[in-house]
Number of protein chains: 2
Amino acid sequence: MLTEKDKRSFQDYLTQKGLKLSGPRMKILEVVLQGTKHLTANEIYGNVQKRYAGIGYATIYRTLRLLCEAGLCMELKCEDGVCRYEHAGDDAHHDHLICTKCGRYVEVVDPEIERLQERLFKVNGFFPQRHRLELYGICRKCKG
Amino acid sequence: MLTEKDKRSFQDYLTQKGLKLSGPRMKILEVVLQGTKHLTANEIYGNVQKRYAGIGYATIYRTLRLLCEAGLCMELKCEDGVCRYEHAGDDAHHDHLICTKCGRYVEVVDPEIERLQERLFKVNGFFPQRHRLELYGICRKCKG
DNA sequence: GCTAATTTGATAATGATTATCAACTTCAAA
DNA sequence: TTTGAAGTTGATAATCATTATCAAATTAGC
Ligand SMILES: [Mn+2]
Ligand SMILES: [Mn+2]
Ligand SMILES: [Zn+2]
Ligand SMILES: [Zn+2]
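The structure displayed is predicted, hence computed values, not measured ones.

1. What to know about the coordination of the zinc ion (ligand 4)
All names here are of chain B.
Move 1: Bound to the zinc ion (ligand 4) on the protein side are Cys99 (SG), Cys102 (SG), Cys139 (SG) and Cys142 (SG), at distances that span 2.2 to 2.4 Å.
Move 2: One way to put it: the four donor atoms around the zinc ion (ligand 4) meet at angles of 101 to 118 degrees, and that makes the site tetrahedral.
Move 3: Donor residues for the zinc ion (ligand 4), ordered by position in the chain, follow C-x2-C-x36-C-x2-C. Here the residue cysteine 102 occupies a position in the loop between strand E4 (95-99) and strand E5 (105-108), and cysteine 139 occupies one in the loop between strand E6 (127-138) and helix H6 (140-143), the gap between them amounting to 37 residues.
Move 4: For cysteine 102, a relative accessible area of 45% corresponds to the partly exposed category.

See below:
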């Protein structure tokens, strides 16, 4: 799940910004791209520690920001006030169904909804930039 | 904009919970229901101070929570990490178009989008509870 | 290898919200 | 009315995720 292309992509972004691809950054890139999606910085910190002890919180946050800037990750500002991160491949935009019991995130896209959103922008005279759609409910497993 | 019905509604909620309708609560109810929508707790605190000095921050937060529980207000968890509040009349649910330049909130509803969201819940085996749709763009005024 | 620039980890700071608590209100019974 | 138990208030400390700071360590191009 961590391709050479991703590494190069990160490397390129850093170089272009006059930054360096350090050991810690490489390790975090690896753990984030190989791990589960929609994790908090704290959970990612834990996953990184498991494999590479000694990397600090600040470096996790700093590197997550770089990964987002480089387009390799997306940051989700969640309702509980904690950010979650997902590696954003070349795959398109998606929205989320979120279980309020177990916290599971399900990725969904509805092209019809996307189209109607564009219409809302236009009708109200807004230049569209982005949107956020979150559907909260109880998943099949949690309903029992 | 602050009807007798609202007052009674708040009073009823408090009574039913064994709570009291105090002076500060009454004043905050008045300022919130008569004022602009989509304000932060801090902005509401300022508006309350203008008319009734001496009411503390904590009381603002506590009363906003009560107003939400009573169904008179809605809390929006915004992307900047600050909550905003709007008085929720009997009017139905709505979503928001938000200008990323001036911060203006425009309320919108698209019944078609609402319907398609329900379908997404169903298709994915979720019991629907609520949703959040925010459309970020640049408003007509800000585009100049 | 050398060295200037960048990065790191520990930790202090920030900022919104919540918890704490002694003093003050409320309200209904006496 | 007076009274007092229950609830409320304002000031302020605590919380918690995220950022900023900074001396010591690492990186990358020469
Ligand atoms: Mn996702
Ligand atoms: Mn609104
Ligand atoms: Zn679930
Ligand atoms: Zn605007």
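2. So, the relation of the copies chain B and chain A
Move 1: In screw terms, the move from chain B to chain A is a rotation of 180 degrees and a rise of 0.0 Å along the axis, fitting with an RMSD of 0.0 Å. When the rotation and shift are considered jointly, the pair of chain copies conforms to a two-fold rotation axis. Minimal C-alpha distance to the rotation axis in chain B is attained by Leu133(B), lying at 2.2 Å.
Move 2: Taken together, the interface assignments show that 100% of the residues at the interface of chain B recur at the interface of chain A, consistent with an identical surface on both copies.

3. Some details on the protein's contact with DNA strand D
Move 1: Lining the immediate surroundings of DNA strand D are 22 residues, of which Tyr61(A), Ser22(B), Arg25(B), Thr59(B) and Arg62(B) lie closest.
Move 2: When the atoms of DNA strand D within 4 Å of the protein are grouped by moiety, sugar and phosphate amount to 70% of the total.
Move 3: Here a base oxygen of DNA strand D and a side-chain polar atom of Lys20(A) are 2.8 Å apart.
Move 4: Interatomic distance of 2.9 Å between a backbone N/O atom of Lys20(B) and a phosphate oxygen of DNA strand D.

4. Considering helix H2 (residues 23-34) of chain B
All names here are of chain B.
Move 1: Taking 1.5 Å of rise per residue, the twelve residues of H2 would be expected to cover 16 Å, and the 17 Å separating its terminal C-alpha atoms lies within 8% of that figure.
Move 2: Taken together, the buried positions of H2 are occupied by Ile28, Leu29, Glu30, Val31, Val32 and Leu33.
Move 3: Looking at the packing, one finds that the buried side of H2 touches helix H1 (4-16), helix H3 (41-51), helix H4 (57-69), strand E2 (73-77) and strand E3 (83-87).

5. Structural notes on the coordination of the manganese ion (ligand 1)
Residue and element names in this part refer to chain A.
Move 1: Surrounding the manganese ion (ligand 1) are the protein donor atoms His38 (NE2), Glu86 (OE), His94 (NE2), His96 (NE2) and Glu107 (OE), which sit 1.9 to 2.3 Å from the metal.
Move 2: Considered as a linear motif, the donors of the manganese ion (ligand 1) on their single chain read H-x47-E-x7-H-x1-H-x10-E.
Move 3: Relative accessible area serves as the criterion here: at 16%, histidine 94 is assigned to the buried category.

6. Looking at unusual backbone geometry
The general pattern is negative phi for most residues beyond glycine and trans for most peptide bonds.
Residues and elements named next belong to chain A.
Move 1: Of note, the phi angle at histidine 38 is positive, near 65 degrees, even though the residue is not glycine.
Move 2: Turning to its location among the elements, histidine 38 is positioned in the loop between helix H2 (23-34) and strand E1 (39-40).
Move 3: Taking the relative accessible area as the measure of exposure, histidine 38 reaches 11% and is therefore buried.

7. So, the protein's contact with DNA strand C
Move 1: Every one of the 21 residues lining DNA strand C counts as a neighbour, but Ser22(A), Arg25(A), Thr59(A), Arg62(A) and Tyr61(B) are closest to it.
Move 2: The protein-proximal atoms of DNA strand C, defined as those within 4 Å of the protein, are 69% sugar or phosphate.
Move 3: Interatomic distance of 2.9 Å between a backbone N/O atom of Lys20(A) and a phosphate oxygen of DNA strand C.
Move 4: Contact between DNA strand C and Tyr61(B): a phosphate oxygen at 2.6 Å from a side-chain N or O atom of the residue.
Move 5: Secondary structure elements with two or more residues in the surface near DNA strand C: H2 and helix H4 (57-69) of chain A together with H4 of chain B.

8. Some points on the side chain of Glu114(A)
Move 1: Note on placement: Glu114(A) falls in helix H5 (residues 111-123).
Move 2: Discounting chain neighbours no more than four positions away, the residues touching Glu114(A) are His93(A), Asp95(A), Val109(A) and His131(A).

9. Observations concerning helix H3 (residues 41-51) of chain A
Residue and element names in this part refer to chain A.
Move 1: Within the sequence span of H3, burial applies to Ala41, Ile44 and Val48. Take H3 and look down its axis: the buried residues cluster within an arc of 60 degrees, on one side only.
Move 2: Structurally, H3 contributes buried residues whose contacts are with H2, E1, H4 and strand E3 (83-87).

10. Structural notes on the side chain of Gln117(A)
Move 1: Note on placement: Gln117(A) falls in helix H5.
Move 2: Judged by relative accessible area, Gln117(A) falls into the buried class, the value being 1%.

11. What to know about the domain arrangement of chain A
Residues and elements named next belong to chain A.
Move 1: The domain architecture assigned to chain A consists of domain 1 (4-87) and domain 2 (95-143).
Move 2: If you average the C-alpha positions of domain 1 and of domain 2, the two centres end up 25 Å apart.
Move 3: Counting from both sides, the interface comprises eight residues of domain 1 and, opposite them, six residues of domain 2.
Move 4: For the domain 1 face of the interface with domain 2, the top three residues by lost area are His38, Lys77 and Glu79, together amounting to 59%.
Move 5: Applying the counting rule to domain 1 against domain 2 returns one salt bridge.

What counts, and where the lines are drawn
Residues numbered from 1 in each chain as written. Chains lettered and ligands numbered in written order. Predicted model: local features only at pLDDT ≥ 70, side-chain atom pairs only at ≥ 80, totals over all residues. Heavy atoms only, no water. Donors = N, O, S within 2.8 Å, 3.2 Å for Na, K, Ca; no water. Tetrahedral: all angles 85-135°; square planar, octahedral: opposite > 155°, others 65-115°. Helix = DSSP H or I, 4+ residues; strand = E, 2+ residues; numbered from the N terminus. Buried < 20%, exposed > 50% of the residue type's maximum accessible area, 1.4 Å probe, protein only. Least-squares fit on C-alpha atoms with pLDDT ≥ 70 in both. Contact = heavy atoms within 4.5 Å. Near = heavy atom within 4 Å. Polar contact = N/O pair within 3.5 Å; in protein donor to acceptor, adjacent residues only side chain to side chain. Expected span 1.5 Å × (residues − 1). Arc of directions from axis to C-beta. Domains from an automatic or database assignment. Buried area = accessible area lost by both parts, 1.4 Å probe. Salt bridge = Lys/Arg side-chain N within 4 Å of Asp/Glu carboxyl O.

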